[in-house]
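So you can see what is in the structure, the chains are spelled out below.
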Amino acid sequence: MELLKVNGLRKHYTSSSGLFKQGTRVQAVDGISFNIGVNKVFALVGESGCGKSTVARMLVRLTEPDGGEVLFKGVDIFSLRAETLKAYRRSVQIIFQDPFASLNPRMSIFSTLSEPLRIHGIVPKRQYKEKVADLLHTVGLTSDVMNRYPHEFSGGQRQRICIARALTLSPELVVADEPLSSLDVSIQAQILNLLAELKQKIGLSYLFISHDLHVVQYFSDQTGVMYMGRIVEQGATDELFTRPLHPYTQMLISSVPQINPIYRTPVDRVHLNNVLEEASSHAALPSGCCFYPRCPRRFEPCGKIVPTLNHQNGRWTACHLYAVPSPQT
Amino acid sequence: MEVLKVDGLSVYFKSRTQTVVRVVNSVGFEVGASEIFGIVGESGCGKSITAYAIMSILPDNAYYEGAIYFQGQNMSSLSDEGRRQLRGNRVSMIFQEPMTSLNPVLTIGYQIAEVLTTHKAVSRKEARDRAIQLLADVKIPFPEVRFNDYPHQMSGGMRQRVMIAMAVACDPALVIADEPTTALDVTIQAQILNLLHGIKEEKNMSMLLITHDLGIIAEHTRRVMVMYAGRIMELATTEELFKTPQHPYTRGLINSLPRGRGIALNPIPGFVPRPENLPEGCKFSDRCSLCTKECKEAEPALRETTTGHFVRCIWSS
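Residues numbered from 1 in each chain as written. Chains lettered and ligands numbered in written order. Predicted model: local features only at pLDDT ≥ 70, side-chain atom pairs only at ≥ 80, totals over all residues. Heavy atoms only, no water.

Draft legend 1. Geometry of the overall build of chain A. Counting secondary structure elements, chain A contains ten helices and twelve strands. The buried share among the 329 residues of chain A stands at 53%. Once local pairs closer than 6 in sequence are excluded, the contacts in chain A between residues at least 24 apart make up 65%. Looking at chain A as shown, the accessible area adds up to about 15000 Å², and 52% of this sits on carbon and sulfur atoms. (Helix = DSSP H or I, 4+ residues; strand = E, 2+ residues; numbered from the N terminus. Buried < 20%, exposed > 50% of the residue type's maximum accessible area, 1.4 Å probe, protein only. Contact = heavy atoms within 4.5 Å. Areas by Shrake-Rupley, 256 points an atom, 1.4 Å probe, with all protein chains shown as cover.)

Draft legend 2. Spotlight on the interface of chain A and chain B. With 38 residues of chain A at the contact, the number on the chain B side is 40 residues. For the pairing of chain A and chain B, the buried interface totals around 3500 Å² over both sides, and the portion due to carbon and sulfur atoms is 58%. For the pair chain A and chain B, the interface holds zero salt bridges. Taken together, chain A and chain B are joined by ten residue pairs in polar contact (both at pLDDT 80 or more). When residues of the side of chain A that touches chain B are traced back to their parent elements, those giving at least two are α6 (185-202), α7 (213-219), α9 (247-255) and α10 (270-273) of chain A. Looking at the side of chain A that touches chain B, the element that brings in the most residues is α6 of chain A, giving seven residues. Residue classes in the side of chain A that touches chain B are distributed as 16 nonpolar, 14 polar and eight charged. (Buried area = accessible area lost by both parts, 1.4 Å probe. Salt bridge = Lys/Arg side-chain N within 4 Å of Asp/Glu carboxyl O. Polar contact = N/O pair within 3.5 Å; in protein donor to acceptor, adjacent residues only side chain to side chain. Nonpolar A, V, L, I, M, F, W, Y, C, P; charged D, E, K, R; others polar.)

Draft legend 3. View of the pattern of salt bridges. Residue and element names in this part refer to chain A. In the structure shown here, the tally under the stated rule is 27 salt bridges over all chains. For Lys73, the salt bridge identified is with Glu172, shortest N-O distance 2.6 Å. A residue pair is termed long-range when its members are at least 10 positions apart, and Lys73 in the loop between β4 (67-72) and β5 (75-76) and Glu172 in the loop between α5 (155-167) and β7 (173-177) qualify at 99 residues. Judged by relative accessible area, Glu172 falls into the partly exposed class, the value being 29%. In this structure, Arg315 and Glu233 form a salt bridge, with 2.5 Å as the shortest nitrogen-oxygen distance. Residue Arg315 is found in strand β12 (residues 315-317), and its partner Glu233 is found in strand β10 (residues 230-236); the two are separated by 82 residues along the sequence. Classification of Arg315 as buried rests on a relative accessible area of 3%. Shared partners join several salt bridges into a network, and the residues in it are Glu233, Glu239, Arg243 and Arg315.

Draft legend 4. Layout of the nonpolar core. Counting residues in hydrophobic clusters, the biggest one holds 58 residues, and the most contacted among them are Leu136, Ile163, Leu192, Leu195, Tyr206, Phe208 and Phe219 of chain A. Broken down by element, the residue count for this core peaks at seven residues, all from α6 of chain A. (Core = buried A, V, L, I, M, F, W, Y, C linked by side-chain atoms within 4.5 Å.)

Draft legend 5. Looking closely at the sheet that holds strand β2 (residues 20-31) of chain B. All names here are of chain B. Strand order in this open sheet of four strands is β2-β1-β4-β5, and the pairing throughout is antiparallel. Since the sheet does not close on itself, it has two edges, and those belong to β2 and β5 (73-74), each with one partner. Here strand β1 (residues 4-14) pairs with strand β4 (residues 62-70) via eight bridges, running antiparallel. Within the sheet, the bridge partner assigned to Val6 lies in β4 and is Ile68. Seen against the sheet, helix α1 (residues 47-55) touches β1, β2 and β4 and runs at an angle of roughly 110 degrees to β1. (Pairing = 2+ DSSP bridges. Axes fitted to C-alpha atoms, helices over the stretch in contact; angles between N-to-C directions.)

Here it is, written out as structure tokens:
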């Protein structure tokens, strides 16, 4: 069953570059769609600026979209107001990238973790202590830390506290926006194990946003690859990693440094020298396929026609190489 | 002969209360001619500070003990002026964040040409021509046009190319690259590393590559040292380190990396200790699964277990 359905979600920002200049329109998220199943992990991967964090913010309603809909259990979340919105916030929580910026330095761990309980009136006040202790145990911390302040903790411990805060309201879906990228290697694995354990034990679903392909391959069930605000390829994670179709996905996967020589792809390292258009930005989005300027396999229609997402054997690909011939031809 | 030899290097930081903390502890290694030598470790392990000591750019409240020989010459025997003449000329450095290491109010062309006019007897015209050639060498398109760009007009990858151009402008014998691609996207990272590798071959330089990414170490270095809490935990050829990692910390790092679905992750428990708060005995003992009473009593020495493979652990054989 689908827990969350995203349909044609859009968001643009207008950047004003000067007092008298016309602002330029930046399409941060350009009509993306995906579903997240119950107790499943959907991952969005892509490089900085591809719009993946904007999607995360829209799903928790920190940012309002310009178009499209998000259905949570069949209800459009952008139509929610007051009480229904409050209920939605209980069901969907977010973990941010930087645990140094996302905890209030003036609030003790106890007040940070009990605040949601108070606002949502989940348990009576006398049970706060017990509930907070429970949460801390769930994320692998001892209950005696609750009177301490964020600065007394390391990055990994802070991220555990952020996860505990997200769990306070027993959500069904957790949006994790680069939850590992500010942590050291040895700590990343601890946090990843914790997220996997929570998925198994309390049946959480995740929207997992990351630029680390190893982590995504390890953790997610379905993966969407984003480039300049669009999903260019989407499918079951295993499939997608063993047989990437879109040239951008292929480029991403072959760019990851591998420890084991047998996993190193004898790239087609064409792209390594193809630096010409690296700097192409949202503002100067090419007509046609957004990846066209960097694509090693571009051909005639790529610069003119925007490829649509085509579905074949459980895989969605937006690339002219895999276009289904139209009925007339 | 080796290009760089570091012998018994310790770096100390004085805090405001005049307490002294040792953040690098008796580190010794050599970088051979046209070799890429890697230093890998987590944040706070002392890998960047080691590089700063080699470049003599430690902050004012820090000092070092031990000896650093660059092409056989002891760096501490040089005057400040002598060291300044080496820096950017015979030995240069590429930093992690190109935006903070380039001057925002000067064109990138000016900044590259400045390296040349400072260290070489060249006219401004010659420096300009040479700078444009360098921009072309680091594969920046339209070098004559980009010469006049300011750093903010370039993308992160392009800025890092400019940093590389500056670093190799005087054909140095050694380039120190401190997390050169950490701030970049993965496809750009591959391009930059490929470029560095190519330039290193072309100019026959040596390189000290500092990173936290084991994948980069595996793909780009010939020998590598693993640092933890300011110490060398393991030093070996890259091939051997990944084939037969001996220190529990090295193995822990490798096992912390996801290798595919269904293969369980075995993270290292606990967290990286602060330099002023290290455990007694072996500095990794509080996180190590093999820890015994002996480990807590005395810190093990760095021992050569097979030729060229050094390990700081009593269990290694």
